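One-letter residues, chain by chain:
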Amino acid sequence: MYRNRTCGELRIEHVGEEVTLAGWVQRSRKMGGMTFVDLRDRYGITQLVFNEESDAELCARANKLGREFVIQVTGTVNERYSKNDKIPTGDIEIIVSRLDILNASDTPPFTIEENTDGGDDLRMKYRYLDLRRTNVRANLELRHKFCLAVRHFLDSKGFLEIETPVLVGSTPEGARDFIVPSRMNPGQFYALPQSPQTLKQLLMVAGMDRYFQIVKCFRDEDLRADRQPEFTQIDCEMSFVEQDDIISLFEEMAKYLFKEIRGCDLGNAPFLRLPWSEAMRRFGSDKPDMRFGMEFVELADVLKGSGEFAVFNEAAYIGGICAEGCASYTRKQIDELTNFVKSPQIGAKGLVYARVGEDGTVKSSVDKFYAPEVLERLKVTMNAHPGDLILIISGPDVMKARKQLCELRLEMGNRLGLRDKNRFALLWVVDFPMFEWSEEEGRLMAMHHPFTAPRPEDVPLLETDPAKVCANAYDMVCNGVEVGGGSIRIHDAELQARIFKALGFTPERAQEQFGFLMNAFKYGAPPHGGLAYGLDRWVSLFAGLDSIRDCIAFPKNNSGRDVMLDAPSFVDQTQLDELQLDLRPKDE
Ligand code: ASP
């Protein structure tokens with residue numbers, strides 16, 4: 001028997017008990033004739049005591065223990081003289097009578113403590129050591145609890161967890177596929193699923209009624225803090241439902257998860273449902289952070305053509321936000337904000353500001369172009385008060401300018417401490433446009449995916465005015481993060497064909513790529529719809545993490561590499577030959 005207790009469970013009531021523990025040496029210190037060792041396992045840390053006076057040989061062996069040695073000890077639980085109220089086992093210690101080294105360890109490349117000295121790259125390379133750290137491990141524990149709660153909830157609602165294949169054909173979800181060559185079918189490739197979208201729809205055609213799966217999805221996209229090339233979805237689909245049915249069920253699930261996992265009561269009121277166009281107008285984002293206000297005010301009526309400022313006179317969009325109490329910002333602070341909006345990632349041409357003084361007068365960076373009455377109207381339109389700072393962005397492209405103002409709003413939210421990680425603002429964004437224009441592809445693309453149903457009242461516009469068609473789609477947003485999204489699907493082969501046509505597919509290509517789905521629709525497809533939650537995003541939100549990486553056991557780095565496994569990597573020529581693949585030298 002390696003142990004009869006864990007390092008996290010002994011308390012004052014166990015004093016006098018003989019116990020055997022096993023774990024890792026977190027650290028040891030020698031004080032006079034005593035040696036103290038912190039022994040760690042997944043459950044906690046227990047202090048071990050070796051006394052030179054009672055067993056010099058044992059103590060000498062304890063003094064030789066290095067960090068991360070794996071040891072087994074037997075001893076008696078003793079009440080500590082100086083207690084440590086920072087850890088649950090802080091009232092006791094183990095007076096050790098027997099020590100066995102189960103495995104030695106090299107000195108770890110970084111300290112395995114909550115505040116480690118290891119940088120990101122090093123910790124990724126030795127992720128198995130990083131995972132020994134309490135805070136990183138806690139994220140995985142939270143993830144586990146989260147998945148259990150999801151399974152419990154969905155099971156209670158009659159959902160079946162059904163696995164779908166990982167080697168599939170390509171299903172466009174707007175990203176690039178990862179492809180896998182097929183040895184048995186030379187020249188042909190599988191694609192890894194960007195999501196099980198079409199498969200879950202086929203499960204509805206198959207009469208499964210309610211499906212879910214906690215499933216890996218793969219998208220070959222450039223990485224950002226909340227993206228990984230492989231990530232996990234809680235993928236769901238239901239038959240005989242309308243948008244309201246799905247929204248209310250998944251709202252109930254969100255409330256259940258908040259209560260179970262975060263101990264946070266979101267109340268009984270339904271979440272706000274914000275039409276996409278309104279979200280864009282008021283917040284410049286389809287995933288607005290509603291923990292704070294600072295809504296956009298459109299200023300073209302006030303500032304366009306009412307002064308000599310050419311930038312505004314030529315702009316297609318002029319919008320402002322009012323930062324309460326920020327009129328006292330220094331030149332340096334304003335410069336920082338200006339540099340922020342002008343940075344290449346944001347790309348604004350500049351930032352105009354106006355301070356409202358304590359006496360109510362307005363002083364702006366464009367004073368010389370405008371009469372005082374115009375600036376007064378600006379103040380009134382912005383509903384700005386003495387002490388407030390008005391920040392204005394403009395530009396020739398409405399969408400771009402709104403996005404820039406959105407970034408500025410979020411930055412101000414950060415600066416003013418309005419984005420508290422312990423507060424949660426949930427909403428649905430609904431009525432998305434069905435299509436968006438892709439410059440890259442030179443055609444309309446599905447904003448959600450091509451299987452999304454248009455709103456019934458918009459179907460007649462499909463051929464005449466596709467830009468006006470709204471989708472029967474919905475996203476759940478929490479604190480500025482899209483935590484889930486889905487739609488009512490098309491279940492009619494003819495309507496599906498019209499959508500493919502609007503997306504620029506010839507009937508032959510649509511048949512070639514999606515024939516399996518359209519054919520299935522000929523055999524009694526029920527009305528259906530669903531949604532997928534991003535598991536990694538939910539968990540990082542609940543754990544208050546900045547990146548989803550921290551709640552994934554073995555994540556990829558920003559270049560999509562697994563630096564621990566050193567993947568991706570080159571393969572042997574024999575493997576390439578078997579697959580009948582020829583690699584061209586780089587410069588050809
Ligand atoms: N398959 C979709 C996605 O991955 C979600 C859905 O429509 O259910 O975004």
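Conventions adopted
- Residues numbered from 1 in each chain as written.
- Predicted model: local features only at pLDDT ≥ 70, side-chain atom pairs only at ≥ 80, totals over all residues.
- Heavy atoms only, no water.
- Helix = DSSP H or I, 4+ residues; strand = E, 2+ residues; numbered from the N terminus.
- Buried < 20%, exposed > 50% of the residue type's maximum accessible area, 1.4 Å probe, protein only.
- Contact = heavy atoms within 4.5 Å.
- Lys, Arg positive; Asp, Glu negative; His and termini not counted.
- Charge placed at Lys NZ, Arg CZ, Asp CG, Glu CD.
- Pairing = 2+ DSSP bridges.
- Axes fitted to C-alpha atoms, helices over the stretch in contact; angles between N-to-C directions.
- Near = heavy atom within 4 Å.
- Polar contact = N/O pair within 3.5 Å; in protein donor to acceptor, adjacent residues only side chain to side chain.
- Areas by Shrake-Rupley, 256 points an atom, 1.4 Å probe, with all protein chains shown as cover.
- Parallel < 35°, antiparallel > 145°, perpendicular 65-115°, else oblique.
- Left-handed = near helix turned anticlockwise from the far one by under 90°.
- Nonpolar A, V, L, I, M, F, W, Y, C, P; charged D, E, K, R; others polar.
- 1 Å grid on protein atoms, 1.4 Å probe; cavity = no way out; pocket = protein on both sides within 12 Å on 5 of 7 lines; lining within 4 Å.
- Points joined across faces, edges and corners; volume = space filled by probe spheres on them.
- Salt bridge = Lys/Arg side-chain N within 4 Å of Asp/Glu carboxyl O.

1. Points about the overall build of the chain
Thinking step 1. In terms of helices and strands, the chain carries 17 helices and 22 strands.
Thinking step 2. For the chain, the spread of C-alpha atoms along the three principal axes comes to 90 × 75 × 60 Å.
Thinking step 3. Counting the 588 residues in the chain, one finds 48% classified as buried.
Thinking step 4. Considering only intrachain contacts with a sequence separation of at least 6, the fraction spanning at least 24 residues in the chain is 66%.
Thinking step 5. Distance between charge centroids for the chain: 2 Å, based on 73 positive and 91 negative side chains.

2. As for the sheet that holds strand β2 (residues 34-41)
Thinking step 1. In spatial order, the strands read β1-β2-β3-β5-β4; together these five strands close into a barrel with mixed pairing. Direction aside, the axes of adjacent strands within the sheet are offset by 55° on average.
Thinking step 2. Note that strand β1 (residues 18-31) and β2 share seven bridges and pair antiparallel. Bridging across to β2, Trp-24 finds its partner in Arg-40.
Thinking step 3. Packing against the sheet, helix α1 (residues 56-63) makes contact with β1, β2, β3 (44-51) and β5 (92-103), and its axis sits at approximately 70° to β5.

3. Considering the environment of Glu-163
Thinking step 1. Looking at the secondary structure, you find Glu-163 in the loop between β6 (160-161) and β7 (179-181).
Thinking step 2. For Glu-163, a relative accessible area of 74% puts it in the exposed group.

4. Brief notes about the site of the ligand
Thinking step 1. Around the ligand, a shell composed of 13 residues is seen, among which Gln-197, Lys-200, Gln-233, His-448 and Arg-489 lie nearest.
Thinking step 2. Within the side chain of Lys-200, a nitrogen or oxygen atom sits 2.7 Å from an oxygen atom of the ligand.
Thinking step 3. At a separation of 2.8 Å, an oxygen atom of the ligand approaches a polar side-chain atom of Gln-233.
Thinking step 4. When isolated, the ligand has an accessible area of 270 Å², and the protein chains bury 91% of it.
Thinking step 5. For the shell around the ligand, the elements supplying multiple residues, two or more each, are α5 (197-205), β21 (481-488) and β22 (528-534).

5. Quick look at the packing of helix α14 (residues 493-502) against helix α15 (residues 507-520)
Thinking step 1. Between α14 and α15, the shortest axis-to-axis distance is 11 Å and the interhelical angle comes to 155°. Here α14 lies roughly antiparallel to α15, going by the angle between them. Crossing of α14 over α15 shows right-handed handedness. The segment α14 lies against α15, with Ala-493, Gln-496, Ala-497 and Phe-500 engaging Ala-510, Phe-514 and Met-518.
Thinking step 2. Class assignment of the residues belonging to the contact of α14 with α15 gives a composition of six nonpolar, one polar and no charged.

6. Notes on the layout of surface pockets
Thinking step 1. For the second largest pocket, the calculated volume is near 500 Å³.
Thinking step 2. Along its surface, the second largest pocket is lined by 26 residues, and Gln-26, Ile-45, Ile-87, Glu-114 and Thr-134 are the ones closest to its centre.
Thinking step 3. Within the residue set of the lining of the second largest pocket, elements represented by two or more residues are β1, β2, β3 and α4 (134-156).
Thinking step 4. Counting residues per element, the lining of the second largest pocket draws most heavily on β3, which supplies four residues.
Thinking step 5. Of the residues assigned to the lining of the second largest pocket, the class counts are six nonpolar, eight polar and 12 charged.

7. Observations concerning the pattern of salt bridges
Thinking step 1. Inspection of every chain in the model, using the stated rule, returns 46 salt bridges.
Thinking step 2. For Glu-252, the salt bridge identified is with Lys-157, shortest N-O distance 2.8 Å. Here the residue Glu-252 occupies a position in helix α6 (residues 243-262), and Lys-157 occupies one in the loop between α4 and β6, the gap between them amounting to 95 residues.
Thinking step 3. Judged by relative accessible area, Glu-252 falls into the partly exposed class, the value being 37%.
Thinking step 4. By relative accessible area, Lys-157 is classed as partly exposed at 25%.
Thinking step 5. Among the salt bridges present, the one from Glu-463 reaches Arg-498, with a minimum N-O distance of 2.9 Å. Placement of the pair is Glu-463 in helix α13 (residues 461-464) and Arg-498 in helix α14, with a sequence separation of 35 residues.
Thinking step 6. Members of the salt-bridge network, linked through shared partners, are Asp-120, Arg-123, Arg-127, Asp-130, Arg-133 and Arg-549.

8. As for unusual backbone geometry
Thinking step 1. Residues Ala-567 and Pro-568 are joined by a peptide bond in cis, for which omega reads 0°.
Thinking step 2. A positive phi angle is found at Asp-431, which is not glycine, with a value near 55°.
Thinking step 3. Residue classification places Asp-431 among the partly exposed residues on the basis of a relative accessible area of 22%.

Any link to function would need more than the numbers given here.
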